[in-house]
Amino acid sequence: MITFHHSTQLPRLIVTDLDGTLLNPDRIVTTRSVHALHLAQTFHLRHNNRASEVEDTVQATSDRAPIRVMLASGRSARSIQRVIDENFQGIMVPDAVLCSNGALTYNPRTKSISFPQFILLDEAVKIVTHLTMEITGVSLPKYHLPSEKLDQDLDDHEMIKGRPGFACQVLWFSLEQDGSISYGTDTFFVCDRTFEAERRGGIHYEYQVVDDMQEFLRSLQRPLAGTEHRVNRIPRGGIIKLLALDRNRVASEVYESLPASLRLKAGSSDPSADVPSITLTYSGPLFLEVSGPGVNKGLGLKQYCDGNGIARQDVAAFGDLLNDAEMLEFAGLGLCMGNGHPEMKKLADRVIGTNAEDGLAKEIESWFSLDPTNSAG
């Protein structure tokens, strides 16, 4: 297992999940964590400016290279930028961000996105259909539900059918004067009324409410204005991520109740197959997250590393839940938070402190200790 320390080897990239990892239970990034990431990001500047250390015995050439910091989350670029603005205090800016579980890369310095990975629109319609059937097929006793969730016109039956709600992150397309197609600088949030009822007060940005998510998805398939006569018509927009919830149950319960064919990381690649070709996971208590086939944080991380000449053994990754699995598997050092999922603890190279204990900050600080025996290993 790789052990990082400033006198032997340091990573070239630190990538961390947000919720449950970098964010503490109060959903803030502590000052200690910000300073730890800043310490890593600027260490090469202090190191290279120390004349007394010019002749040191650093073994790895990557020790003198800048250490990049990347955030990786199921959140949208807009949501992650808000975390940066409200928590990083201008002390540092991450070098890159993986959004929507790796479906796109965001640069918080230029406010630009790249490498979008879309869900095929036909597959998006298909998965909404499947999840609607699966969720409504589960009934729970009314007393199982907290009173604040019984604010709709529910019937008087003792058993209440599942109440599915859906939302999606849309990337709108536009036609440039030269005939090329471009896309926006961020995704736009669209949800149905059930999703809005569950998340009311938790959506802090502009969004659109639709009556029927399937109809909205089909509407995206209409050709973009100006491309109607092209052989290959361009849709109005693409889906980066779908969200699904049952107002009666938490995400983990919904996920475990689904057929194994849906819980696979990716469904069949045959568009005529009954099982949608998607990646299905969850990263918190509220909703399921659907991405395109094979899309995950590990894939997004690999694309970034390949494009920036960073070897996987030079990557340190921090995570806590199942949507971090591929990211930790790809990294040379995969670290699971003490509050992480049991399966993630088995998968990780090592388990560190919890997000309530500044576990990430303590781990990074240990790499820069002047005493190599203090290095976590």
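For the structure given in this document, a descriptive report is provided here. (Residues numbered from 1 in each chain as written. Predicted model: local features only at pLDDT ≥ 70, side-chain atom pairs only at ≥ 80, totals over all residues. Heavy atoms only, no water.)

**Brief notes about the nonpolar core**
Rule in force here: Nine residue types can take part in a nonpolar core, namely buried Ala, Val, Leu, Ile, Met, Phe, Trp, Tyr and Cys, and a core is a set of them joined through side-chain atoms within 4.5 Å. Note on classification: 1.4 Å probe, protein chains only; a residue is buried when its accessible area is under 20% of the maximum for its type, exposed when over 50%, partly exposed between these limits. Numbering of helices and strands starts at the N terminus; helices are DSSP runs of H or I of at least 4 residues and strands are runs of E of at least 2. Contacts between residues were defined by any pair of non-hydrogen atoms, one from each residue, lying within 4.5 Å.
Ranked by internal contacts, the top residues of the largest apolar core, which has 41 residues, are Leu37, Phe88, Ile364 and Trp367. With five residues, the top contributor of residues to this core is helix α2 (residues 31-48). Among all residues touching Ile364, those that are not within four sequence positions of it are Ile14, Ala36, Leu37, Ala40 and Phe318. Core analysis: the next-biggest nonpolar cluster, separate from the first, contains 31 residues, Ile135, Cys168, Val190 and Leu217 among them.

**What to know about the pattern of salt bridges**
Selection criterion: We define a salt bridge as a contact between a side-chain nitrogen of Lys or Arg and a carboxyl oxygen of Asp or Glu at a distance within 4 Å.
Summed over all chains, the structure comprises 16 salt bridges. Taking the shortest distance from any N to any O, the salt bridge between Lys241 and Glu289 comes out at 4.0 Å. Placement of the pair is Lys241 in strand β12 (residues 237-246) and Glu289 in strand β14 (residues 288-291), with a sequence separation of 48 residues. Per residue, the accessibility class of Lys241 equals that of Glu289, and both read buried. We note a salt bridge from Arg350 to Glu363, for which the minimum N-O separation is 3.1 Å. Of the two residues, Arg350 is situated in strand β17 (residues 350-351) and Glu363 in helix α12 (residues 359-367); the sequence distance between them amounts to 13 residues. For Arg350, a relative accessible area of 14% puts it in the buried group. With a relative accessible area of 5%, Glu363 lands in the buried category.

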